[in-house]
Amino acid sequence: NRRIVLASRPQGAPTHENFRLEEVDVPSPGPGEMLLRTLWLSLDPYMRGRMSDAPSYTPPVEVDAVMCGGTVCRVEESNLDGFTAGDLVLAYTGWQDYAVSDSTMVQKLDRDMARPSYALGVLGMPGFTAYTGLLDIGRPQPGETVAVAAATGAVGSVVGQIAKMKGCRVIGIAGGAEKCRYATETLGFDACVDHRAKDFAKTLKDTAGEAGIDVYFENVGGKVLDAILPCLNTGARIPLCGLIANYNLTGLPEGPDRTPIFLRNVLVKRLKVQGFIIFDYQPRYPEFLKEMTPWVASGDITYREDVAEGLESAPEAFMGLLEGRNFGKLVVKVAD
Ligand code: NDP
């Protein structure tokens, strides 16, 4: 039974020294408990926040504790009503092979689910984030232009595809030519601009064109946000979902303070900027699932996974996520 614990808190980008792989006994479930075997582990950007003890919306992972994370598990042994060996569940058991659970934060999945890992992505937290942030906060109207950053990722790919279904023009922003090609050719976005390319800001402005941008789904911050501001139309909406470009910062970014430019845009263009944390929307998860499941089954929503093999690959894969090395929703295949 292997588990990966937080060995120390990172200063800036996480390194291998911040993680430790340990071997421990397989725990045995007591009365009212069950033993879960991890099959799939989700790796998500929010985990960088949990590695730090800066104040946030949830407490940090303690040093020497198992790294947190959503998982798809198989019930191995159960002393709990409603769960039997062989059941497939969505759980929050973190970076480890086995865990004992009293069913808190555990949700049963269909045993015959074709792709159980999708419960960690398009049919789970990231898909729900895309759906809710875009439709509730972005409120895109047919004919409007929606821009989304980290466009080929777990959240961004779903945002853009839903926006297309709602009759919008969609501009993705992604790192590299291959991701941009995927966004237009496979995801069906109207355009995708490479934020790593020279002249990124100018290309984005030219791509937005006269029509401008009505909804900007923010996943990134930093220079991508700087480039978006001049393209925004009066009354544009910004669902503020994530700021991944800032997650490894240890202080304020170098260079002049750009806050006045941002705030001037908010004022002059009457922008609506709303941050949101998906946990707050949990009661509406069934409603999302009901709509998203057929979209995925029919292929209206295309979904790509980036699979890291084996629990031991989690630290390296996670570090890559914070640098854009993943291509699609990052999951770790822990066991069959
Ligand atoms: P992704 O699958 O999109 O992976 C992260 C992507 O971010 C990378 O592939 C990379 O894409 C991009 N990226 C990483 N570093 C940088 C950087 N320095 N500058 C620009 N882009 C960068 O992750 P998710 O879809 O899981 O998450 C996307 C965002 O949504 C994150 O900010 C996350 O924190 C947020 N989120 C927020 C939630 C909420 O409740 N508010 C819930 C879930 C996610 P590329 O190579 O294309 O640049």
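Thresholds, definitions, all that
- Residues numbered from 1 in each chain as written.
- Predicted model: local features only at pLDDT ≥ 70, side-chain atom pairs only at ≥ 80, totals over all residues.
- UniProt positions renumbered as here; feature names shortened; annotations may be inferred.
- Helix = DSSP H or I, 4+ residues; strand = E, 2+ residues; numbered from the N terminus.
- Axes fitted to C-alpha atoms, helices over the stretch in contact; angles between N-to-C directions.
- Parallel < 35°, antiparallel > 145°, perpendicular 65-115°, else oblique.
- Contact = placed C-beta atoms within 7 Å.
- Nonpolar A, V, L, I, M, F, W, Y, C, P; charged D, E, K, R; others polar.
- Left-handed = near helix turned anticlockwise from the far one by under 90°.
- Near = placed C-beta within 6 Å.
- Domains from an automatic or database assignment.
- pLDDT = per-residue confidence, 0-100.
- Buried ≥ 20, exposed ≤ 12 C-beta atoms within 10 Å, placed from the backbone.

A few points about the UniProt feature "domain: Enoyl reductase (ER)" (unreviewed entry) in the protein
- In the numbering used here, UniProt assigns the feature "domain: Enoyl reductase (ER)" (unreviewed entry) to residues 14–332.
- In residues 14–332, the share of helix is 28% and the share of strand is 24%. The end C-alpha atoms are 18 Å apart.

Concerning the packing of helix α2 (residues 125–138) against helix α8 (residues 285–298)
- Relative to each other, α2 and α8 sit at 95 degrees, their axes nearing to 10 Å. Judged by the angle between their axes, α2 and α8 are roughly perpendicular. Counting all contacts with α2, which are made through G127, F128, Y131 and T132, the residues of α8 involved are Y285, F288 and M292.
- Class assignment of the residues belonging to the contact of α2 with α8 gives a composition of five nonpolar, two polar and no charged.

Focus on the packing of α2 against helix α3 (residues 154–165)
- Packing of α2 against α3 leaves a shortest axis separation of 8 Å and a crossing angle of 45 degrees. In terms of orientation, α2 and α3 fall into the oblique class. Both α2 and α3 take part in a crossing whose hand is right-handed. Across the interface between the two elements, P126, G127, T129, A130, Y131 and L134 of α2 pack against A154, V155, V158, V159, I162 and A163 of α3.

A few points about the site of the ligand
- The environment of the ligand is formed by 32 residues, the closest being G153, V155, G175, G242 and G324.
- For the shell around the ligand, the elements supplying multiple residues, two or more each, are α2, α3 and α6 (222–228).
- Here the shell around the ligand gets three residues from one element, more than from any other, and that element is α3.
- Looking at side-chain class alone, the shell around the ligand contains 17 nonpolar, eleven polar and four charged residues.
- There are two domains that each give the shell around the ligand at least three residues, and those are domain 1 (2–121 + 304–333) and domain 2 (125–278).

Describing the environment of C73
- Structurally, C73 can be placed in strand β4 (residues 71–78).
- Through-space distance from the C-alpha of C73 to that of P116 is 9.2 Å; in sequence the pair is 43 residues apart.

Some points on the confidence of the model for the protein
- Taken residue by residue, the protein gives an average pLDDT of 97. The fraction at 70 or more is 100%.
- Overall fold confidence for the complex sits at a pTM of 0.97, while the interface term, ipTM, reaches 0.99.

Remarks on the environment of A314
- Position of A314 relative to the elements: it lies in helix α9 (residues 314–321).
- Look at A314 and you get buried, because 23 C-beta atoms sit within 10 Å.
- When the C-alpha atoms of A314 and V332 are compared, they prove to be 6.6 Å apart, with 18 residues separating the residues in sequence.
- Leaving out residues up to four positions away in the same chain, A314 has contacts with I4, L41, L43, W95, A308 and V332.

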